[in-house]
Amino acid sequence: MKLISLQALLLKLKKNLLELTGKNMCISKCDILVVGSGLNALGALRALGDCCDVLLVSHNVKGPAWHSKYGSRWESKNTASDAFIEQLLEFGSKQKHKPLMLLTEELCVAKIATKLEQLNEYFITDLIPTKNTEELQSKSTFQALAESVGSPIPRSLTVNNIADLNRLDTLNFPCIFKPLEQNIAYGKQFKKGYKVESAEQVSKLYHEIYPVNPGMILQEWINGEDSDIYFYFCFISKSGDEVTSFCGRKIRSWPLKVGGTASCTSAPEYSDELREITLSFCKKVGFTGLMGMEYKRDPIKNKFIMIEPTVGRTDLQHEIASLSGINVLQEIGEYFGVCVAKKRAFRSVIWKDHYADKLARLESSDDFKPVRAASYNALFRVSDLKPSIITFTKRIKVKCKHLFANV
């Protein structure tokens, strides 16, 4: 009798473990499928909170989102692989209703976009564009697309080989030099982008980059500070209607001038202007889905100029919306009938990637100061502590390892 009880206990423990790790794939109910495990995915989980059943899907169980208290877990194959698509189809075929698919990784968007016809049978994939995905993810083809419809965008030059360096005199310096598309090998060796002052500097830099990532773009520099960078993200339905949107601005970037968002806040004063520019572009190119357009406001010309889009997925800036009281992800979920958005009054807040913002603050001379507002750490939350505890522990281990290696 005791043996049977022990076996039953072990089976129960095994079942609970499988449910915690998400490896059983027998999720009886899933309203929203969030793909990824980084800060983007963590922000999405926290924004959706307990308003619906969320399943986090990722092959990277080391990301901070994996340790959040929100949602269930499923450890998958590489999310940019064909094997992952097969897993999704198997999972989707077992669901009683279609979950909404929410992506947080750029490479995953490219893969999912090629398999939409198959995935549409089991998932709501309206957030992923059915056209222009490849064009909008590449900086060179986005440049051409924006120019073709008359959108405000700086002049640029695509550099794919050494011979293209002979055309550098067609642009006015300074410029920003960055990869055409996301490249893992490039990211391990080089900065996200470089502010370059001359053709000679570009030539020297490109000879180092070329063997790793030949596809680069050189874009004329736009006047202004990092705090002059704004973003407008929205969801446009298949009918062409804007379902929800949010307008914000950066406070600091890291690395300075060329990096990602270190801190940001809301910018409702420019919402109407950026809505008009963004929706005009989307309408002209026939875009529907999840769109985030980044702009820089030239203080000399008093004009907004497009920098680049983020399509079919969330990015770090999305969580500022839910913290400000405009929960775009819940509103999208409500539009598809998978959850009920919890209404909150709008308030001014600041979102920070604390480590990046600290580094930027030490080196920045930008004097922009947002209105007094509550500040939220992208990682640390009293209501959801484990992601920060795990991340800080890993950082300490890495620092100790380096310290002892140098002794």
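Structural data are supplied above this passage.
Source: prediction; values computed, not measured. (Residues numbered from 1 in each chain as written. Predicted model: local features only at pLDDT ≥ 70, side-chain atom pairs only at ≥ 80, totals over all residues. Heavy atoms only, no water.)

Q: How should I be thinking about empty space enclosed by the protein in this particular structure?
A: To find leftover empty space, one rolls a probe the size of a water molecule over the atoms. Tallied over the full model, the rule gives three cavities of 30 Å³ or more. Lining the largest cavity we find 13 residues, and of these Leu 39, Asn 40, Gly 43, Leu 316 and Glu 319 sit closest to its centre. Looking at which element gives the most residues to the lining of the largest cavity, the answer is helix α2 (residues 39–48), with five residues. Its residues assigned to classes, the lining of the largest cavity shows seven nonpolar, four polar and two charged. Within this model, the second largest cavity holds a volume of roughly 40 Å³. For the second largest cavity, the full set of lining residues is Lys 139, Phe 142, Gln 143, Ile 153, Lys 178, Ile 217, Gln 219, Ile 307 and Glu 308. Every element with two or more residues in the lining of the second largest cavity is listed here: α7 (139–148), β8 (216–220) and β13 (303–311). The element best represented in the lining of the second largest cavity is α7, accounting for three residues. Residues belonging to the lining of the second largest cavity are distributed by class as follows: four nonpolar, two polar and three charged. (1 Å grid on protein atoms, 1.4 Å probe; cavity = no way out; pocket = protein on both sides within 12 Å on 5 of 7 lines; lining within 4 Å. Points joined across faces, edges and corners; volume = space filled by probe spheres on them. Helix = DSSP H or I, 4+ residues; strand = E, 2+ residues; numbered from the N terminus. Nonpolar A, V, L, I, M, F, W, Y, C, P; charged D, E, K, R; others polar.)

Q: Explain unusual backbone geometry here, please?
A: A negative phi holds for most residues other than glycine; trans holds for most peptide bonds. Residue Pro 174 is bonded to the preceding Phe 173 through a cis peptide linkage, with omega at 5°. Following the sequence through the fold, Pro 174 ends up in the loop between β5 (156–159) and β6 (175–179). In the Ramachandran plot, Lys 257 falls in the positive-phi region, its phi being about 75° despite a non-glycine side chain. Checked against the element boundaries, Lys 257 lands in the loop between β10 (242–254) and β11 (260–266). A positive phi angle is found at Asn 302, which is not glycine, with a value near 50°. If you trace the backbone, Asn 302 turns up in the loop between β12 (289–298) and β13.

Q: It is not clear to me how the environment of Ile 236 should be interpreted in this structure. Could you clarify?
A: Counting through the fold element by element, Ile 236 comes out in strand β9 (residues 229–236). Judged by relative accessible area, which is 4%, Ile 236 ranks as buried. Each C-alpha atom, one on Ile 236 and one on Cys 282, is 8.6 Å from the other, the two residues being 46 residues apart in sequence. Ignoring any residue separated from it by four or fewer positions in sequence, one finds Ile 236 in contact with Asp 241, Glu 242, Leu 279, Cys 282, Phe 287, Thr 288 and Gly 289. (Buried < 20%, exposed > 50% of the residue type's maximum accessible area, 1.4 Å probe, protein only. Contact = heavy atoms within 4.5 Å.)

Q: Help me out: how do you make sense of the side chain of Thr 314 in this one?
A: Looking at the element boundaries, Thr 314 is found in the loop between β13 and α11 (319–324). Taking the relative accessible area as the measure of exposure, Thr 314 reaches 1% and is therefore buried. Discounting residues that sit within four places of it in the chain, Thr 314 has contacts with Asn 40, Leu 102, Leu 103, Thr 104, Leu 290 and Leu 329.

Q: Any chance you could explain the layout of surface pockets here in plain terms?
A: One number sums up the size of the second largest pocket: a volume of about 310 Å³. In terms of lining, the second largest pocket is formed by 20 residues, of which the most central are Arg 46, Ala 47, Ser 322, Asn 327 and Arg 344. Elements represented by at least two residues in the lining of the second largest pocket include exactly α2 and α11. Grouping the amino acids of the lining of the second largest pocket by side-chain chemistry returns six nonpolar, six polar and eight charged.

Q: Help me out: how do you make sense of the packing of aromatic side chains in this one?
A: The geometry of two aromatic rings is summed up by the distance between their centres and the angle between their planes. Taken as a whole, this structure holds 14 aromatic pairs when the rule is applied. A ring pair is formed by Tyr 230 and Tyr 270, whose centres lie 5.2 Å apart and whose planes are at 80°; its orientation type is edge-to-face. Here Tyr 230 is found in strand β9, whereas its partner Tyr 270 is found in the loop between β11 and α10 (271–285), with 40 residues between them in sequence. Taking relative accessible area as the criterion, Tyr 270 reaches 19% and is therefore assigned buried. On the numbers, 5.9 Å between centres and 10° between planes, the contact of Phe 231 with Phe 233 is stacked. Look at Phe 233 and you get buried, because its relative accessible area is 2%. Members of the aromatic cluster, connected to one another through ring pairs, are Tyr 230, Tyr 270, Tyr 295 and Phe 304. (Phe/Tyr/Trp six-rings, centres within 6.5 Å; stacked < 30°, edge-to-face > 60°.)

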